[in-house]
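# Geometric and topological summary
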Amino acid sequence: MPSYRTGTVGEILEERAGLQRVTVDGQRSYVLTQLIGPVSIGDRVVVNTTAVDLGLGTGGWHVVHWNLSRGDDGWSEAGPGHIMKLRYTSLQVDTGAGEEGLVLPESLDGLPVVACALHSQVPIVAVVLKHLRPDARVAYVMTDGGSLPLALSDTVHQLRQQGLLDLTITAGHAFGGDVEAVNVHSALALAAHHRADVVVAGIGPGVVGTGTKLGHTGFDVVTTVDAATALDGVPILAVRFSDADERDRHHGPSHHTITAVELAGGQLIVPSPDDLDVPDVATLLEAAGLRVTTMGRGPSDDPAFFSWTGAAGVAAADLMGQSRR
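A brief report on the enclosed structure follows. All of these numbers come straight from a predicted model, not from anything done at the bench.

With that out of the way, let us pick up unusual backbone geometry. The residue aspartate 25 is not glycine, and still its phi comes out positive at about 50°. Position of aspartate 25 relative to the elements: it lies in the loop between strand 2 (19-24) and strand 3 (27-32). Residues other than glycine seldom take positive phi values, yet arginine 195 does so here, at roughly 65°. Structurally, the position occupied by arginine 195 is in the loop between helix 5 (184-193) and strand 12 (198-203).

Pasting the structure below:
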């Protein structure tokens, strides 16, 4: 069952579109302003403490659930359409959807779609793509297998600031992108509609995993590659590979990647750094001011993870080059 408590906002630590990071009675908390509006210092608020109480991977942050200081005035902000996300919960929000009023393309016409199982793979693919194809219009489709609010991703915020992502699309119950999509299929079609040259798709920060073969939200990649195949795109799987992970199921090619290939309904590209000229990912990330880790390991600790993921960016860039010749 969820846990809630009340407290007082003491500091505003950070503010950006859709997000405030604050302290509540000295404890770190964040506010999803698209759902409940902003808070101010001194406001009495209700916070959801469940994930922190359970020791889950929220990084030690509570979630502000409601601002009591508004009293009877409440809060409202009109959304762009009638499509709801977080449907049938007390925080359902009228995000609208990019499909409304559009005739979407029925074919991706060979658009490369890179499917990432982990959020940490997204910046690696993006920085390689922009290095090899600086003029490429890169769209990120965030699926709903991890964080639902895009605003929580420091990675995406930094990638946008550095010009490494040009468009964000949030699919399913994920929300907060430049464009909202009802599902992954329509998200890919929307990327084509908005003139993306390449799509990087995957879950937001955070992941759910049970340690079983199938119980992992990174398997959103299967939906992504099958959707790309069905819509005449070119699916590319970013391989999760590690020489440093001590867990047998994640040493070498992760069982998540192996199982995803087994489950995918069509053919897909599974690129290897052994077959491609992958640039120095660590140097590219450092030049962009990006600190990327996987399970706490950086490029010097687990170079194979970064090179294998980078290979997916190279494969996508090569496909773009072929389509332009």
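Below, the discussion takes up the side chain of serine 147. Mapped onto the elements of the fold, serine 147 is located in the loop between strand 9 (138-143) and helix 4 (154-161). Relative accessible area serves as the criterion here: at 11%, serine 147 is assigned to the buried category. Within the local environment of serine 147, its side chain forms a polar contact with the backbone oxygen of proline 149, the two atoms lying 3.0 Å apart. Discounting residues that sit within four places of it in the chain, serine 147 has contacts with Met142, Leu152, Gly204, Pro205 and Gly206.

This next bit is on the pairing of strand 2. The buried fraction of strand 2 amounts to six of the six residues, a majority that puts the element mostly inside the structure. Going residue by residue along strand 2, you find Leu19, Arg21 and Thr23 tucked away on one face and Gln20, Val22 and Val24 tucked away on the opposite face as well. Note that strand 1 (residues 4-16) and strand 2 share six bridges and pair antiparallel. Bridging from a neighbouring strand, valine 9 pairs with valine 24 of strand 2. Between strand 1 and the antiparallel strand that follows it, strand 2, lie two residues; glycine 18 among them carries a positive phi value of about 85°. Across six bridges, the pairing between strand 2 and strand 3 is antiparallel. Bridging from a neighbouring strand, glutamine 20 pairs with valine 31 of strand 3.

The rules we used
Residues numbered from 1 in each chain as written. Predicted model: local features only at pLDDT ≥ 70, side-chain atom pairs only at ≥ 80, totals over all residues. Heavy atoms only, no water. Helix = DSSP H or I, 4+ residues; strand = E, 2+ residues; numbered from the N terminus. Buried < 20%, exposed > 50% of the residue type's maximum accessible area, 1.4 Å probe, protein only. Polar contact = N/O pair within 3.5 Å; in protein donor to acceptor, adjacent residues only side chain to side chain. Contact = heavy atoms within 4.5 Å. Pairing = 2+ DSSP bridges.

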